[in-house]
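Below, each chain spelled out in residue letters.
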Amino acid sequence: KALAYEFPESFDPSMPGDLVYSGGLGLEDPVPADGFGDVAAGRLVLSPTRTYAPIVARILAQGHRDRIHGMVHCSGGAQT
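Residues numbered from 1 in each chain as written. Predicted model: local features only at pLDDT ≥ 70, side-chain atom pairs only at ≥ 80, totals over all residues. Heavy atoms only, no water.

Draft legend 1. Geometry of the environment of Glu 28. Relative to the helices and strands, Glu 28 is located in the loop between helix H1 (2–6) and strand S1 (30–33). The exposure class assigned to Glu 28 is exposed, which follows from its relative accessible area of 74%. Counting along the chain gives 13 residues from Glu 28 to Ala 41, while the straight-line C-alpha distance between them is 5.8 Å. (Helix = DSSP H or I, 4+ residues; strand = E, 2+ residues; numbered from the N terminus. Buried < 20%, exposed > 50% of the residue type's maximum accessible area, 1.4 Å probe, protein only.)

Draft legend 2. Focus on the pairing of strand S2 (residues 37–40). In this structure, S1 lies alongside S2, joined through four bridges in antiparallel fashion. Its bridge partner being in S2, Val 31 is matched across the sheet by Val 39. The loop that links S1 with its antiparallel partner S2 comprises three residues; one of these, Gly 35, has a positive phi angle of about 80 degrees. (Pairing = 2+ DSSP bridges.)

Below is the structure:
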């Protein structure tokens, strides 16, 4: 909830308090990441999603780049 106090303009004040910044970690809290040791939670939040990367790489490698005019990945989380 520290971010809510520091940045009150970052959320709608009519939102129930228990939903505002309801995560249990701070941005600098360490999170175990397989093969990477501990990584700051904020870095994980800001890192790109790699779920589709292998599939997109195969599509591009098969020569379909000229048929792709845009891509969007909306995870639905942490967006304003």
